[in-house]
Amino acid sequence: MSRRRQRGFLKPKNLGKTFGRFLKYISDYKLQLIIVGVAILSSSGANIVGVYLLKPIINEYIVPFIGSKNPDLTGFIRMILLLGIIYLTGILGTYTYSRLMLNISTGTLKRLRVDMFTHMEKLPVKFFDTHTHGELMSRFTNDIDALREMISNGIPNIFNSTITVVGVFIMMLILSPLLTILVVFMLVLMLFTVRKIGGRSAMYFMKQQEALGKVNGYIEEMIEGQKVVKVFNREEKIKDGFEELNETLRAASTSAHTFAGILMPIMGNLSYVQYAITAAAGAIMAVNGIIDIGTIGSFLQYTRSFSHPITQISQQMNSILNALAGLERIFEILDQEPEEDAGSAELVYAQKDRDGMITEASEPTGMWAWKIKNGDGTVSYIELKGDVRLENVTFGYVENKTVLKGVSLYAKPGQKIAFVGSTGAGKTTVTNLINRFYDVPDGKIKYDGIDINQIKKSDLRRSMAMVLQDTHLFTGTVMDNIRYGRLDATDQECIQAAKLANAHSFIMHLPEGYNTLIHADGSNLSQGQRQLLAIARAAVANPPVLILDEATSSIDTRTEALIQKGMDKLMEGRTVFVIAHRLSTVRNADAIMVIENGEIIERGNHDDLMALKGRYYQLYTGMLELA
Ligand SMILES: Nc1ncnc2c1ncn2[C@@H]1O[C@H](COP(=O)(O)OP(=O)(O)O)[C@@H](O)[C@H]1O
Ligand SMILES: [Mg+2]
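Residue numbers here run from 1 along each chain, matching the order of that chain's written sequence. Chains and ligands are labelled by the order in which they are written, letters from A for the one and numbers from 1 for the other. In keeping with the model being predicted, local features are shown solely for residues with a pLDDT of at least 70 and side-chain atom pairs are shown and tallied solely at 80 or more, while totals for entire chains, interfaces and linings include all residues. Side-chain measures were taken over the full set of non-hydrogen atoms in the model, leaving aside hydrogen atoms and water.

Peer 1: Just checking my understanding: could you explain the overall build of the protein chain for this structure?
Peer 2: Runs of E in the DSSP output that reach at least two residues are strands. Runs of H or I that reach at least four are helices, and both are numbered from the N terminus. What the protein chain contains, in helices and strands, is 19 helices and 16 strands. Using C-alpha atoms as the atom set, the radius of gyration is obtained and then compared with a globule rule of 2.2 Å times the number of residues to the power 0.38. Taking 25 Å as the expected radius of gyration for a compact globule of 627 residues, we find that the protein chain reaches 37 Å, considerably beyond that expectation. Going through the 627 residues of the protein chain one by one, you find that 43% of them count as buried. By the convention used here, residues are in contact when the closest approach between their heavy atoms is within 4.5 Å. Considering only intrachain contacts with a sequence separation of at least 6, the fraction spanning at least 24 residues in the protein chain is 71%. Total accessible area on the protein chain stands at roughly 33,500 Å², and carbon and sulfur atoms take up 59% of it. His is not counted, nor are the chain ends, whereas Lys and Arg count as positive and Asp and Glu as negative. A charge is said to be at NZ when it belongs to Lys, at CZ for Arg, at CG for Asp and at CD for Glu. Once the 66 positive and 63 negative side-chain charges of the protein chain are each reduced to a mean point, those two points are 6 Å apart. To sort residues, take the accessible area from a 1.4 Å probe on protein chains only and compare it with the maximum for the residue type: under 20% means buried, over 50% means exposed, and anything in between is partly exposed. Note on areas: these come from Shrake-Rupley sampling with a 1.4 Å probe, and a residue is covered only by the protein chains present in the view.

Have a look at this one:
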């Protein structure tokens, strides 16, 4: 938020290009835009013509009426009616274009939001590593809002004002070139004054925005960290911090509005002065017979509607530039490279015929196969078993910082492979690579003998379920959240999975059982309960490969012992990668990898590693604590 507020004043980097892309977006509404153009023309045109009519009305009717005993009003009334019709057309035009622009803006914004959201779903995990939530959120909120303002107000206003200024200027020239020169001269003087005052005011407005951003950021941070604040009794301290920021905001805000406050009356008074001078000049000219009364009447009316649109244009210009800067940030997201996927191997239902040949099936058979398209157009099938191999994998999230250094390991179908090691050693990273959250060079990771880069990402991920280190629950019922693992699972299957994960008993104690609503990422559940739900979610997916990243770290030892049976059942017949904090849970693994600093320093089963009397032995016997 804070960053966004300050950046709100950034001008677009590439104005022309951004505006061009914007035009493409609204070009869906070509016909409506043409109507808008016509409506704006008729709206400002009606004003201009209406004012011009004052001249004949004054000259031909009002002036001759003066002193006449019984004037013929028919012509006058006809003129007034005409005036009425013209202004009505203007009102209709204004209504039409505002209504249509509303349509265009809401429609365009909807499309932009959809495009942005859809595109975001295609972006790689890496993108979310490098962009904060707040930053992404502000594109959907602040930037979109600025754009709404620009489409529904800014653009039609600028268009309208420009036509008015040009039209009025031409009409004034036609009426009286001499008076026009006078008006323009005074206007330049006025604008100069405004600029002088306005410039300082803009600086204070900028300071105000900056201060506001800091205040908002502070509030946001303190709301999020409320518990920590309380734990360390920092309430008074943070109040002082807030006080300080708030005072800066108050001061900046006062200065900004002081100048803005002076500006308006000055402008107002100056325009009266200008009006009076023009009227006086007109009167002198009329006395000398250079100009008639009707012309002065019209002309004076025009001068009143001349300066207003000029200030409008300069104001709207700022808000448009601001909106375009926001649009540029939106396009920045749309231009992000989507997650690449060159993989073509798909997961299909399969069956084996009598000679052991694998063929594709159209119905679930309980057997899956990888369907590989060969270069010569033929397809071949490889049974999905869950054999995972890493060969000399070296990887880093950012350049020049290797996290994994030459990791090799294999997991045969049905094996349980455990990773142990200190925090930050690289355990989660290994699993991030196996399901292609991040890419590794070709040929380094093989799944059932196939290079994982050749496997379609969605199918690869479908073949493995993951219980992530930080569980995430969605708004919805408990049942919905379990079913997230496999959308076509029946209620019965979900409950079965919950029982397997030992989540059933606590779910039954929730106010509405499986129909209890979970909100705000499961804040109404304990950390351990959330993990149990995450395990149930993985169980319902029923995949051949299972990755459990500290899945039971927040579950107490007693409950863990209780679910151990269920977990064992869940792991049965699957290839499982398990990262565990508590070493007791990995004892029965087929192979245990001890990872330190991105390297596997020891490997083997529990007995091997105990006999080795190395790192694992130290960890297990408690000589070394897992950090
Ligand atoms: N998304 C990321 N971007 C950059 N560095 C990361 C990212 N995730 C993890 N790391 C770094 O990689 C190293 C290994 O992390 P990780 O695999 O999560 O460790 P752990 O063994 O605790 O699961 C750590 O030094 C961590 O700082
Ligand atoms: Mg981890």
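Peer 1: What is the right way to read the domain arrangement of the protein chain from this model?
Peer 2: One frequently used descriptor of interface size is the decrease in accessible area upon assembly of the parts. Boundary definitions for the domains trace back to an automatic or database domain assignment. Domain parsing of the protein chain yields domain 1 (2-334), domain 2 (346-383) and domain 3 (388-620). Each of domain 1 and domain 2 has a C-alpha centre, and these two points are 65 Å apart.

Peer 1: What's the story with unusual backbone geometry in this structure? I'm lost.
Peer 2: A negative phi angle characterises most non-glycine residues, just as the trans form characterises most peptide bonds. For Asn-542, which is not glycine, the phi torsion reads 55° and is therefore positive. Take Asn-542: it is sitting in the loop between helix H16 (527-541) and strand E13 (545-549). Residue Glu-550 is not a glycine yet carries a positive backbone phi of 45°. Relative to the assigned elements, Glu-550 resides in the loop between E13 and helix H17 (557-571). Exposure remark for Glu-550: the relative accessible area of 12% places this residue in the buried category.

Peer 1: Quick question: what am I supposed to make of the site of ligand 1 here?
Peer 2: Here, proximity means that at least one heavy atom of the residue falls within 4 Å of the molecule or strand. Residues in close proximity to ligand 1 total 13 residues, the closest being Asp-129, Gly-424, Lys-427, Thr-428 and Thr-429. In protein, a polar contact means a hydrogen-donor-capable atom and an acceptor-capable atom, both N or O and within 3.5 Å, with residues adjacent in sequence counting only if both atoms are side-chain atoms; elsewhere, any N or O pair within 3.5 Å suffices. Within the backbone of Gly-424, an N or O atom sits 2.7 Å from an oxygen atom of ligand 1. At 2.6 Å from an oxygen atom of ligand 1 is found a side-chain nitrogen or oxygen belonging to Thr-428. Relative to its unbound accessible surface of 560 Å², ligand 1 loses 67% to contact with the protein. It is helix H11 (residues 427-434) that contributes the most residues to the shell around ligand 1, 3 residues altogether. Each residue is assigned to one of three groups, with Ala, Val, Leu, Ile, Met, Phe, Trp, Tyr, Cys and Pro labelled nonpolar, Asp, Glu, Lys and Arg labelled charged, and all others, Gly among them, labelled polar. Its residues assigned to classes, the shell around ligand 1 shows 4 nonpolar, 6 polar and 3 charged.

Peer 1: Is there a simple way to think about the coordination of the magnesium ion (ligand 2) in this case?
Peer 2: For a metal with four donors in a tetrahedral arrangement, the ideal angle between donors is 109.5 degrees, while six donors in an octahedron ideally sit at 90 or 180 degrees. Donor atoms from the polypeptide that coordinate the magnesium ion (ligand 2) comprise Thr-428 (OG1) and Gln-469 (OE1), at 1.9 to 2.3 Å from the metal. Remark: Gln-469 occurs in the loop between strand E10 (464-467) and strand E11 (476-477) and Thr-428 occurs in helix H11; sequence separation between them is 41 residues. The rule for donors is simple: N, O or S, within 2.8 Å of the metal, or within 3.2 Å if the metal is Na, K or Ca. Water isn't counted, so a site may look like it is missing partners.

Peer 1: Which parts of the structure should I look at to understand the pairing of E13?
Peer 2: The side chains of a regular strand alternate between both faces of the sheet. Of all the 5 residues making up E13, 5 are buried; the element is thus mostly covered by neighbouring parts of the structure. Side chains Val-545, Ile-547 and Asp-549 project from E13 onto one buried face, and the interleaved Leu-546 and Leu-548 project onto a second face that is buried too. Any two strands are treated as partners once DSSP identifies two or more bridges connecting them. In this sheet, E13 lies alongside E10 in parallel orientation, the contact comprising 4 bridges. Bridge pairing links Ala-465 to Leu-546 in E13. Where E13 and strand E14 (residues 575-579) come together, 5 bridges link them in parallel fashion. Counted as the bridge partner of Ile-547 is Phe-577 from E14. By convention a crossover is right-handed if, when the strands point away from the viewer, the path from the first strand over the helix to the second runs clockwise. For the crossover from E13 across H17 to E14, the handedness is right-handed.

Peer 1: Looking at this structure, how should I read the packing of helix H3 (residues 30-65) against helix H10 (residues 293-334)?
Peer 2: To describe two helices that pack against each other, one gives the angle between their axes and the distance between the axes. Each axis is a line fitted through C-alpha atoms, and for a helix only the stretch in contact is used; angles between axes span 0 to 180 degrees, taken between their N-to-C directions. At their nearest, the axes of H3 and H10 sit 7 Å apart, and the two run at 155° to each other. With respect to H10, the element H3 is oriented roughly antiparallel. Crossing geometry of H3 relative to H10 is assigned as right-handed. Residues Ile-48, Val-51, Tyr-52, Leu-54, Lys-55, Ile-58, Asn-59 and Val-63 of H3 touch H10, and the partners they reach there are Ile-293, Gly-294, Thr-295, Gly-297, Ser-298, Gln-301 and Tyr-302. Split by residue class, the contact of H3 with H10 holds 8 nonpolar, 6 polar and 1 charged. An angle counts as roughly parallel when it lies under 35 degrees, as roughly antiparallel when it exceeds 145, as roughly perpendicular when it falls between 65 and 115, and as oblique in every other case. Working rule for handedness: look at the near helix, and if it is turned counterclockwise from the far one by less than a right angle, call the crossing left-handed; if clockwise, right-handed.

Peer 1: Looking at this model, I keep getting lost on the pattern of salt bridges. Mind explaining?
Peer 2: Side-chain pairs of opposite charge can arise whenever the charged atoms involved come near each other. Put simply, a salt bridge is a Lys or Arg side-chain nitrogen that is within 4 Å of an Asp or Glu carboxyl oxygen. The tally for this structure, following the rule as stated, stands at 22 salt bridges. Here Arg-250 makes a salt bridge to Glu-247, at a shortest N to O gap of 2.9 Å. Taken together, the residues Arg-250 and Glu-247, both in helix H9 (residues 235-287) and 3 residues apart, mark about one turn of the helix. Judged by its relative accessible area of 46%, Arg-250 falls in the partly exposed class. Between Asp-491 and Arg-483 there is a salt bridge, and its shortest N-O distance comes to 2.1 Å. Classification of Asp-491 as partly exposed rests on a relative accessible area of 41%. Arg-483 gets classed as buried once you look at its relative accessible area, which sits at 17%. Connected through salt bridges with shared partners, the residues Asp-28, Arg-111 and Asp-115 form a single ionic network.

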